[in-house]
Amino acid sequence: MIRTWKFCATALCAFVLCLAAAERPYEEMMKELAGACTSLKNNLDAKSMEGATADAAKLEKLFKEMEKFWSKKKVADATQWAKDGGTAARMIVKASKAGNGEEMMTQFKNLTGTCKSCHDVHREKGPDGKWQIKI
Ligand code: HEC
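Residues numbered from 1 in each chain as written. Predicted model: local features only at pLDDT ≥ 70, side-chain atom pairs only at ≥ 80, totals over all residues. Heavy atoms only, no water.

> Hey, could you run me through the pattern of salt bridges in this one?
When their charged atoms lie close together, side chains carrying opposite charge are able to pair. What the rule picks out here adds up to seven salt bridges. Glu27 is the partner of Lys31 in a salt bridge, and the nearest nitrogen-oxygen pair spans 2.8 Å. Here Lys31 pairs with Glu27, and both are found in helix 2 (residues 26-45), just four residues apart, close to one helical turn. Residue classification places Lys31 among the exposed positions, given a relative accessible area of 56%. (Salt bridge = Lys/Arg side-chain N within 4 Å of Asp/Glu carboxyl O. Helix = DSSP H or I, 4+ residues; strand = E, 2+ residues; numbered from the N terminus. Buried < 20%, exposed > 50% of the residue type's maximum accessible area, 1.4 Å probe, protein only.)

Given below as structure tokens:
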């Protein structure tokens, strides 16, 4: 009896872990990305290097997650934009550590450019007025 229970508990754990590792809703990822992006812009405006570095590091992770999502779906252009965004975020971290504000702004423009490129092609308003993925 106890053994059965143990087995069930283990199976349940494995199941929950699996769920946690599975993809979260795309929308949630986008909202986090938008939040980090706004925060980065504010930190850049305020010339707060420390805050900007943290935001850019977070953005790099989120872009990586996005890149995985699109590469799984085999959408080449979106995968590339996600990759470019991640590269720009990484360059911001680097420039920030080097104290190069100008380079940070240039890379920030590159980063936000990827938002528009991808939205223009892969985002559309659904019948309920909510954003959805268009492939
Ligand atoms: C590789 C493609 C891609 C890139 C790059 C991208 N997005 Fe998106 N985004 C989408 C798609 C597709 C949707 C619509 C699906 C959704 O909202 O769930 C979306 C939706 C959104 C939404 C609406 C979320 C909602 O449903 O309420 C916001 C906000 C957003 N993106 C912000 C950004 C910002 C900011 C960036 C750049 C820093 C960015 N996105 C970069 C593809 C992308």
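> Explanation requested: helix 2 in the structure shown.
Since the α-helix advances by 3.6 residues per turn, residues separated by three or four positions end up pointing in the same direction. Over its 20 residues, helix 2 runs 29 Å from end to end, which matches the ideal 28 Å to within 8%, given 1.5 Å per residue. Taken residue by residue, helix 2 has Tyr26, Met29, Leu33, Ala36, Cys37, Leu40, Asn43 and Leu44 as its buried positions. Down the axis, helix 2 shows its buried residues gathered within 125° of arc, on one side only. Looking at the packing, one finds that the buried side of helix 2 touches helix 3 (49-72), helix 4 (76-97), helix 5 (101-122) and strand 2 (131-133). (Expected span 1.5 Å × (residues − 1). Arc of directions from axis to C-beta. Contact = heavy atoms within 4.5 Å.)

> Any chance you could explain the coordination of the iron atom of the ligand here in plain terms?
Ideal geometry at a metal centre: 109.5 degrees between donors when four sit tetrahedrally, and 90 or 180 degrees when six sit octahedrally. Around the iron atom of the ligand, the protein contributes the donor atoms Met30 (SD) and His119 (NE2), at 2.0 to 2.3 Å from the metal centre. Coordination at the iron atom of the ligand comes from six donor atoms whose angles at the metal span 80 to 179°, giving a geometry best classed as octahedral. Placement of the pair is Met30 in helix 2 and His119 in helix 5, with a sequence separation of 89 residues. On the accessibility criterion, His119 (25% relative accessible area) is partly exposed. (Donors = N, O, S within 2.8 Å, 3.2 Å for Na, K, Ca; no water. Tetrahedral: all angles 85-135°; square planar, octahedral: opposite > 155°, others 65-115°.)

> Got a minute to help me understand the state of the cysteines in this structure?
Note on terminology: a disulfide is the covalent bond linking the sulfur atoms of two cysteines. Tallied over the full model, the rule gives zero disulfides. No disulfide involves Cys37; its sulfur sits 5.0 Å from the nearest other cysteine sulfur, which is in Cys115. Residue Cys37 is classed as buried on the basis of its relative accessible area of 12%. A relative accessible area of 25% places Cys115 in the partly exposed class. (Disulfide = S-S within 2.5 Å.)

> What am I meant to see in the site of the ligand here?
Within the structure, the ligand sits among 21 residues, and Met30, Cys115, Cys118, His119 and His122 are positioned closest to it. Within the side chain of His119, one N or O atom sits 2.8 Å away from a nitrogen atom of the ligand. Where the shell around the ligand is concerned, the elements lending two or more residues are helix 2, helix 3, helix 5 and strand 2. For the shell around the ligand, the class distribution of residues is 14 nonpolar, four polar and three charged. (Near = heavy atom within 4 Å. Polar contact = N/O pair within 3.5 Å; in protein donor to acceptor, adjacent residues only side chain to side chain. Nonpolar A, V, L, I, M, F, W, Y, C, P; charged D, E, K, R; others polar.)

> Any chance you could explain the packing of helix 3 against helix 4 here in plain terms?
Viewed as axis vectors pointing N to C, helix 3 and helix 4 meet at an angle of 160°, and their least axial separation amounts to 8 Å. In terms of orientation, helix 3 lies roughly antiparallel with respect to helix 4. In this structure, helix 3 crosses over helix 4, and the sense of that crossing is left-handed. Facing helix 3, whose interface residues are Met49, Thr53, Ala56, Ala57, Leu59, Glu60, Phe63, Met66, Glu67, Trp70 and Ser71, helix 4 presents Ala78, Thr79, Ala82, Lys83, Gly85, Gly86, Ala89, Arg90, Ile92, Val93, Ser96 and Lys97. Tallied by class, the residues present in the contact of helix 3 with helix 4 amount to twelve nonpolar, six polar and five charged. (Axes fitted to C-alpha atoms, helices over the stretch in contact; angles between N-to-C directions. Parallel < 35°, antiparallel > 145°, perpendicular 65-115°, else oblique. Left-handed = near helix turned anticlockwise from the far one by under 90°.)

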